[in-house]
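# Structural characterization, general
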Amino acid sequence: MLILIDDANLEDVAAIWSTLPVDGVTTNPTILARQHRDPLRTLRELRELLGAGPQLHAQVVGTEPDVMVNEALALRGELGEDLFVKIPVTEAGYVAMRRLSAQGVNVTATAIHAPMQAFLAAKAGARYVAPYINRLDNLGADGVRVAAEIQTLLDVHRMDTQLLAASFKNSQQITELAKLGAGAVTAAPAVLRNLFRNATTDAAVAEQRADLESVIGAGHTFA
Ligand code: E4P
């Protein structure tokens with residue numbers, strides 16, 4: 001399962017990128033707007049930070065198919081052919097997805113809130129389908145269950161498209177997606193850190209260190 005960083009703050013992304021075994025970055029227009037600077041410059045710098053290979057996802061903002069396609073091609077021109085262009089699952093979005101995937105553009109279908117939205121996106125050629133787990137939970141639905149239904153549809157119909165679960169607010173939601181066999185998840189740095197942070201782990205390590213220091217002296221290590 002790929003783990004992606006759902007953020008565009010260069011410092012925060014760099015901190016996670018240099019620490020955890022993660023596979024790339026996803027952005028959306030809101031995440032880019034939060035940086036209060038030229039969004040294209042931010043995307044270029046993210047591309048530079050990641051280097052060639054790791055995934056970068058960027059979303060179009062147009063609402064008409066022609067505009068979406070032009071945006072996607074422009075973003076790809078700026079950020080490289082391996083860019084994943086996020087297209088929302090609107091009526092216009094499906095038109096754009098079909099046209100872009102036919103041209104070999106990597107499409108990530110986004111803003112998914114129902115299994116059949118994902119199924120149609122997969123048929124339209126999307127490489128990834130991104131259900132919004134936490135937003136579904138906030139609507140009184142069950143985000144993990146929707147993701148599970150999407151995974152079932154992809155498996156039963158033997159589609160190449162992968163699940164890229166998004167919109168997480170806690171590490172347990174990510175654990176559930178990992179158990180489902182999701183192809184990828186994307187989450188903010190704070191949520192990703194909660195995958196490993198554990199006060200009891202820290203306490204155990206501190207106790208063991210203190211025990212050994214009582215023999216070899218405070219501040220000493222094996223090095
Ligand atoms: C994915 O890339 C989505 O844009 C993102 O996860 C949405 O998350 P939010 O619900 O925290 O805005």
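Each remark here, short or long, concerns the structure printed above.
Since we're looking at a predicted model, the values are computed, not measured. (Residues numbered from 1 in each chain as written. Predicted model: local features only at pLDDT ≥ 70, side-chain atom pairs only at ≥ 80, totals over all residues. Heavy atoms only, no water.)

### A look at the site of the ligand
Asp6, Thr26, Asn28, Lys86, Tyr132, Arg135, Ala166, Ser167 and Lys169 make up every residue found near the ligand. Tyr132 is positioned with one of its side-chain polar atoms (N or O) 3.2 Å from an oxygen atom of the ligand. In this structure, an oxygen atom belonging to the ligand sits 3.0 Å away from a side-chain N or O atom of Lys169. About the coverage of the ligand: the protein hides 86% of its 340 Å² of free accessible area. (Near = heavy atom within 4 Å. Polar contact = N/O pair within 3.5 Å; in protein donor to acceptor, adjacent residues only side chain to side chain. Areas by Shrake-Rupley, 256 points an atom, 1.4 Å probe, with all protein chains shown as cover.)

### Some thoughts on the pattern of salt bridges
This structure, assessed with the given rule, holds eight salt bridges. When the shortest N-O distance is used, the salt bridge between Arg47 and Asp82 registers 3.8 Å. Pair noted here: Arg47 is in helix H3 (residues 39–50) and Asp82 is in the loop between helix H4 (65–79) and strand S4 (84–88), with a separation of 35 residues, a long-range link. Taking the relative accessible area as the measure of exposure, Arg47 reaches 12% and is therefore buried. One connected set of salt bridges, linked through shared partners, spans Arg37, Arg41 and Glu45. (Salt bridge = Lys/Arg side-chain N within 4 Å of Asp/Glu carboxyl O. Helix = DSSP H or I, 4+ residues; strand = E, 2+ residues; numbered from the N terminus. Buried < 20%, exposed > 50% of the residue type's maximum accessible area, 1.4 Å probe, protein only.)

### Some details on unusual backbone geometry
A positive phi is found at His36, a non-glycine position, where the angle reads about 55 degrees. By the element assignment, His36 lies in the loop between helix H2 (29–33) and H3. In the Ramachandran plot, Ser167 falls in the positive-phi region, its phi being about 60 degrees despite a non-glycine side chain. Tracing the backbone shows Ser167 in the loop between strand S7 (162–165) and helix H9 (171–180).

### Topic: the sheet that holds strand S1 (residues 2–6)
Strand order in the closed barrel formed by eight strands is S1-S2-S3-S4-S5-S6-S7-S8, with parallel pairing between adjacent strands. Shown here is a sheet whose adjacent strand axes are inclined to one another by a mean of 30 degrees, direction ignored. Seen against the sheet, helix H6 (residues 115–123) touches strand S5 (106–112) and strand S6 (128–131) and runs at an angle of roughly 165 degrees to S5. (Pairing = 2+ DSSP bridges. Axes fitted to C-alpha atoms, helices over the stretch in contact; angles between N-to-C directions. Contact = heavy atoms within 4.5 Å.)

### A look at the pairing of strand S3 (residues 55–59)
Buried residues dominate S3, accounting for five of its five residues. Covered by surrounding structure in S3 are Gln55, His57 and Gln59 together with Leu56 and Ala58, the residues of both alternating faces. Bridging between strand S2 (residues 24–26) and S3 involves three bridges; their strand directions are parallel. In the strand pairing of S3, Val25 is matched with Leu56. Both S3 and S4 contribute to a ladder of three bridges, which runs parallel. Each bridged residue has a counterpart across the sheet, and for Gln59 the counterpart in S4 is Lys86.

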